[in-house]
Amino acid sequence: MQADTLRFSGSQRYEITGSSTLTIANRVVVDNNSYGTFRVPVAIGGPNDLVVESSSYLYFYGGLSGAKGVVVRGSSSSNVSLDPLSVSANTYTVQTVIEGGTLAATSGKGLPTSSNLVFNGGILQNGGNTVANVTRSLGAGGGQIQWVGDGGFASRAGAMYVLLNNSNASPLVWGGTPYFVPDGSRLLFNGPSATATVDFRNDINLNSQLRTVDVPTGQMASATATLSGILSGNNASGLVNTG
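Here the structure is a predicted model, which is why all the values come from computation and not from measurement.

Draft legend 1. How the structure looks around the overall build of the protein. Along its length, the protein carries zero helices and 25 strands. Computed over the C-alpha atoms, the radius of gyration of the protein is 18 Å, within 12% of the 18 Å expected from 2.2 N^0.38 for a compact globule of 243 residues. Projecting the C-alpha coordinates of the protein onto the three principal axes gives extents of approximately 60 × 35 × 30 Å. The buried share of the protein, reckoned over its 243 residues, is 47%. Counted over contacts in the protein with a minimum sequence separation of 6, partners at least 24 positions apart contribute 57%. Surface exposure of the protein reaches about 10,000 Å², of which carbon and sulfur atoms provide 46%.

Right, here's the structure in full:
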């Protein structure tokens, strides 16, 4: 089976089932109040990354493969899940870009260990019932993580922690450390389906500016965020908590 673009619309619930691989060349679109579920294997078949545009809920339960990456463009209330149920892990090989909304993907399962994770406006949330702490190194290579805009973390499965570079030997400089949150961008936590706390353990140098951390209300009151590392800076530095 092949398709260029698939659209789920009309405030309906859609489910695609079967055993044959569905190859999608371009994009998947989920309109407001519609739900889409893939219970078939999906292959990225185009020359570019697969674009997922969602204002609601979309689930890739059959696995996702291909020689390209995935770009998620969601609304603030959307949730796209990449965690497969019928295979052990997704096998697409390039980047995973979150440009809005929440992407539910457990590292090593929905989020391939070889994929570079790029934040540009959205949130990575633990998928399913598995807690996967985030210890990726900052960088643009496979298995690394980078910010080019707003971005951050949420958890649904249970309390999780984030320790970038798997080390707290030196502070991350906001707007200074390569691949960390740039000037003018926010560190994000929580999402509409978050139920558990996220502990961000790295020390952060606020680097002479007011920095914004956005923590909106999750699905449950237990969805909170903690900056347990040391915050530093000069008299011009500060932290603004929104959400």
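After that view, the rundown keeps rolling.
Draft legend 2. Broad picture of the nonpolar core. Counting residues in each nonpolar core, the largest one holds 45 residues, and the members touching the most others are F38, F60, W147, F153, L164 and F180. Considering each element in turn, this core owes the most residues, four residues, to strand β3 (residues 22–30). Residue contacts for F180: discarding those within four places in its chain leaves L138, W147, L164, L172, V173, W174, F200 and I204. Grouped together as the second largest cluster of nonpolar side chains are five residues, I123, A154, L188 and A223 included.

Draft legend 3. Looking closely at the environment of D214. Here D214 lies in strand β22 (residues 210–214). As a C-alpha pair, D214 and A225 span 11 residues in sequence and 9.6 Å in three-dimensional space. If we skip the residues at most four places from it in the chain, D214 touches R186, L187, L188, F189, T242 and G243. At 2.7 Å, the side chain of D214 forms a polar contact with the side chain of T242.

Draft legend 4. Examining the sheet that holds strand β21 (residues 204–205) more closely. Read from one edge of the open sheet, three strands run β18-β21-β24, paired in parallel fashion. Only two strands of the sheet have a single neighbouring strand rather than two, namely β18 (172–173) and β24 (231–232). Pairing between β18 and β21: two bridges, direction parallel. Following the sheet pairing, L172 is matched in β21 by I204.

Draft legend 5. Quick look at the pattern of salt bridges. Counting across every chain of the model gives eight salt bridges. A salt bridge links E99 to R73; the nearest nitrogen and oxygen atoms lie 2.7 Å apart. Remark: R73 occurs in strand β9 (residues 70–74) and E99 occurs in the loop between β11 (96–98) and β12 (102–104); sequence separation between them is 26 residues. Given the relative accessible area of 32%, E99 is considered partly exposed. In this structure, a network of salt bridges that share partners links the residues R27, E53, R73 and E99.

Draft legend 6. Quick peek at the sheet that holds strand β17 (residues 160–162). Taking strand neighbours across the sheet as the criterion, the three strands line up as β17-β20-β23 in an open arrangement whose pairing is parallel. Sheet topology places β17 and β23 (225–227) at the edges, where each strand pairs with a single neighbour. This sheet shows a mean twist of 20° between the axes of neighbouring strands, independent of strand direction. One ladder, built from three bridges, connects strand β20 (residues 198–200) with β23; its direction is parallel. Considered in β23, the bridge of V198 is made with A225.

Draft legend 7. Local environment of the pairing of strand β14 (residues 122–125). Side-chain alternation along β14 places G122 and L124 on one buried face and I123 and Q125 on a second face that is also buried. Strand direction decides the pairing type here: β12 and β14, joined by three bridges, are parallel. Counted as the bridge partner of A104 is Q125 from β14. Examined bridge by bridge, β14 and strand β16 (residues 151–154) share four bridges and lie parallel to one another. Each residue of the ladder has a partner; that of Q125, found in β16, is A154.

Draft legend 8. Spatial organisation of unusual backbone geometry. Phi at N165 takes a positive value of approximately 65°, unusual for a residue other than glycine. Positionally, N165 belongs in the loop between β17 and β18. Residue classification places N165 among the partly exposed positions, given a relative accessible area of 33%. Phi angles above zero are rare outside glycine, and Y179 is one such case at about 80°. By the element assignment, Y179 lies in the loop between β18 and β19 (187–189).

Thresholds applied
- Residues numbered from 1 in each chain as written.
- Predicted model: local features only at pLDDT ≥ 70, side-chain atom pairs only at ≥ 80, totals over all residues.
- Heavy atoms only, no water.
- Helix = DSSP H or I, 4+ residues; strand = E, 2+ residues; numbered from the N terminus.
- Rg over C-alpha atoms; globule rule 2.2 N^0.38 Å.
- Buried < 20%, exposed > 50% of the residue type's maximum accessible area, 1.4 Å probe, protein only.
- Contact = heavy atoms within 4.5 Å.
- Areas by Shrake-Rupley, 256 points an atom, 1.4 Å probe, with all protein chains shown as cover.
- Core = buried A, V, L, I, M, F, W, Y, C linked by side-chain atoms within 4.5 Å.
- Polar contact = N/O pair within 3.5 Å; in protein donor to acceptor, adjacent residues only side chain to side chain.
- Pairing = 2+ DSSP bridges.
- Salt bridge = Lys/Arg side-chain N within 4 Å of Asp/Glu carboxyl O.
- Axes fitted to C-alpha atoms, helices over the stretch in contact; angles between N-to-C directions.

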